[in-house]
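# Descriptive analysis of the structure
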Amino acid sequence: MNYRGPYRVRVDRKPIPVCEHVEDAVIRVTRTCVCGSDLHLYHGMVPDTRVGMTFGHEFTGVVEEVGSGVRNLAVGDHVLVPFNIACGRCHFCKQGLFGNCHEANAQATAVGGIYGYSHTAGGYDGGQAEYVRVPYADVGPCKIPETMDLDDAVLLTDVVPTGYQAAEMGGIQRGDTVVVFGAGPVGIMAARCAWLFGAGRVIVIDHVEYRLDFARRYCPAEVYNFRSIGDPVVFLKKTTDSLGADVCIDAVGGDAAGSALHTLMGTKLKLEGGSAVALHWAINSVKKGGIVSIVGVYGPTGNLIPIGNVLNKGITIRANQASVKRLLPKLIAHIEAGRLNPKELITHKVPLEEAADAYHLFSAKLDGCIKPVLVPPTARA
Amino acid sequence: MRNRPIDPSTVPGWGVDADPQNDPTYPMRDIARDDSRGMNWTRPPQQRARVEVLTSIEYNARPAVVGTSVPPRGVSGVIRRQAFRYSESQWAHWLMLMAADRVNVVEGVVDDLARGRVPNVPAEMGARAELAHNRSGLAAKLALTGAAIGLGILVTRLARAERR
């Protein structure tokens, strides 16, 4: 996959990557997803997204080559690879904050290294390819349990942990009302995971009917189309005895619809780090003393955020890229116990060669697309 | 009725991860119980970068591994190098990178043409998916684009006639 500019990708031949560091591995990809976060890149919203880059931070694959310093992986292992590139030994990794590793991203200190996620996230080519270079191969990759479906495994690289961490960061307590903004794959998974923490009521807000129907069935959740309920903040206040929700989760990020001002400033002129509509709604519809959890991706420049309301309402805000490695054991157990069924999110399985169509399908929300998975030719042989 | 009431106890796994100690107002710190608070660590061996890697000026030392996917080059590369003279807290840094990205798109087209390749822009934009699943939308977009081009031509001709 080769990025050529906003809304333009194609599939080209590139040299097969090699180990560039003693702790690297090279992996032959067997499954790779297009993530909602990739759409922020695809839409040209993330700075330092260079033409010629290969996206893809959700992938599984077979180890083809390992560097001399790799001890835990062997050629032939089938692994799922967390989207974070993490050294496992720095100040942040020691705290379990694998998404904030200090030894993986030269271009920025504010974000860790992420496969195929612009040079702002380190400038690594991603997994929407036949082969991919995996740094710190002893730390990130996790051997796929023999009984696990590959489609479940690939969603463990990002969607499931990000959704789970969104709920975890919300500090959900038994009986809480949880509102999730965004019915994309991560929002749906966040809503599903809110129940695991004992939520008493889960509400999903979006504007695409087929996604809301999917969330209603899969989560299961109450779902509302913000285009038909008037002001979502007023609606949510009224449906929670005017108090507001205990926890609000922003699973949208910088591509949010719903405000002409933010659409113009954030997504068209790009003078904001994306359109912050979902975050506005989250801050304004959470109860006083409530918690806002953010996993939607925003660009790094400023946003018109209602920070005064954060102060006046005494809101706690937590946000992060998911620390996949920390969460994997628990999430694998949930899948094996049948409490989570990630592969049900996959609506489209597309040959890698048709990446441009998969991106458009997902971006334009066509054909009931919730989650597209790309399969490279080497994995189909 | 889509939003019929949901009984939480019927949801598989309900409450299995409930934990009253999960208090998000008290962020997780130092879970390794390391007395030095993890401020020092044995650094991984340094990767020798075979291409130019721009590095944030907020670092004292470059991280041990680096990405090398698309090194800066051309006019966009010049702009990117300038951007990296500013910290991540400066708008100039990010706005210059965004500008470089736009210049880079033009460079990509020029590069394709220089290699004798005319980029198939409709295919790169997923025209096949649009045709298969959104024909009416595609027709509307084409009509809108045609109308905009027609309007542009009309305005240009009127302006020329005015000058004469």
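Above this text sits the structure in question.
So, a few notes on the structure that sits alongside this text. (Residues numbered from 1 in each chain as written. Chains lettered and ligands numbered in written order. Predicted model: local features only at pLDDT ≥ 70, side-chain atom pairs only at ≥ 80, totals over all residues. Heavy atoms only, no water.)

Taken together, the contact between chain B and chain A spans 81 residues of the former and 93 residues of the latter. Where chain B abuts chain A, roughly 7,300 Å² becomes buried across the two surfaces, and 53% of that area is made up of carbon and sulfur atoms. Of the charged contacts, one joins Glu354(A) and Arg128(B) as a salt bridge, the two residues approaching to 3.6 Å between their closest N and O atoms. At the surface where chain B touches chain A, the tally comes to 49 residue pairs in polar contact (both at pLDDT 80 or more). Mapped onto the side of chain B that touches chain A, the elements with two or more residues apiece are helix H2 (91-114), helix H3 (121-124) and helix H4 (127-133) of chain B. Examining the composition of the side of chain B that touches chain A, we find that twelve residues originate from one element, H2(B), more than from any other. (Contact = heavy atoms within 4.5 Å. Buried area = accessible area lost by both parts, 1.4 Å probe. Salt bridge = Lys/Arg side-chain N within 4 Å of Asp/Glu carboxyl O. Polar contact = N/O pair within 3.5 Å; in protein donor to acceptor, adjacent residues only side chain to side chain. Helix = DSSP H or I, 4+ residues; strand = E, 2+ residues; numbered from the N terminus.)

Moving on, we come to the packing of aromatic side chains. All names here are of chain A. With the rule as written, the count across this model stands at ten aromatic pairs over all chains. Seen in terms of ring centroids, Phe-181 and Trp-281 are 6.3 Å apart; in terms of plane orientation they differ by 45 degrees. Their pairing is tilted. In this pair, Phe-181 is assigned in strand S10 (residues 177-181) and Trp-281 in helix H8 (residues 277-285), connecting sequence segments 100 residues apart. Comparing Phe-181 with Trp-281 shows no difference in burial state: the two are buried. Summarising the aromatic geometry, the rings of Phe-214 and Tyr-218 are spaced 5.8 Å apart at their centres and angled 20 degrees between planes, so their arrangement reads as stacked. Highlighted residues: Phe-214 and Tyr-218, both in helix H5 (residues 209-218), separated by four residues, approximately one helical turn. By relative accessible area, which is 10% here, Phe-214 ends up buried. Owing to a relative accessible area of 12%, Tyr-218 belongs among the buried residues under this scheme. Following the ring pairs from residue to residue traces out a cluster consisting of Tyr-3, Tyr-7, Tyr-42, Phe-55 and Tyr-359. (Phe/Tyr/Trp six-rings, centres within 6.5 Å; stacked < 30°, edge-to-face > 60°. Buried < 20%, exposed > 50% of the residue type's maximum accessible area, 1.4 Å probe, protein only.)

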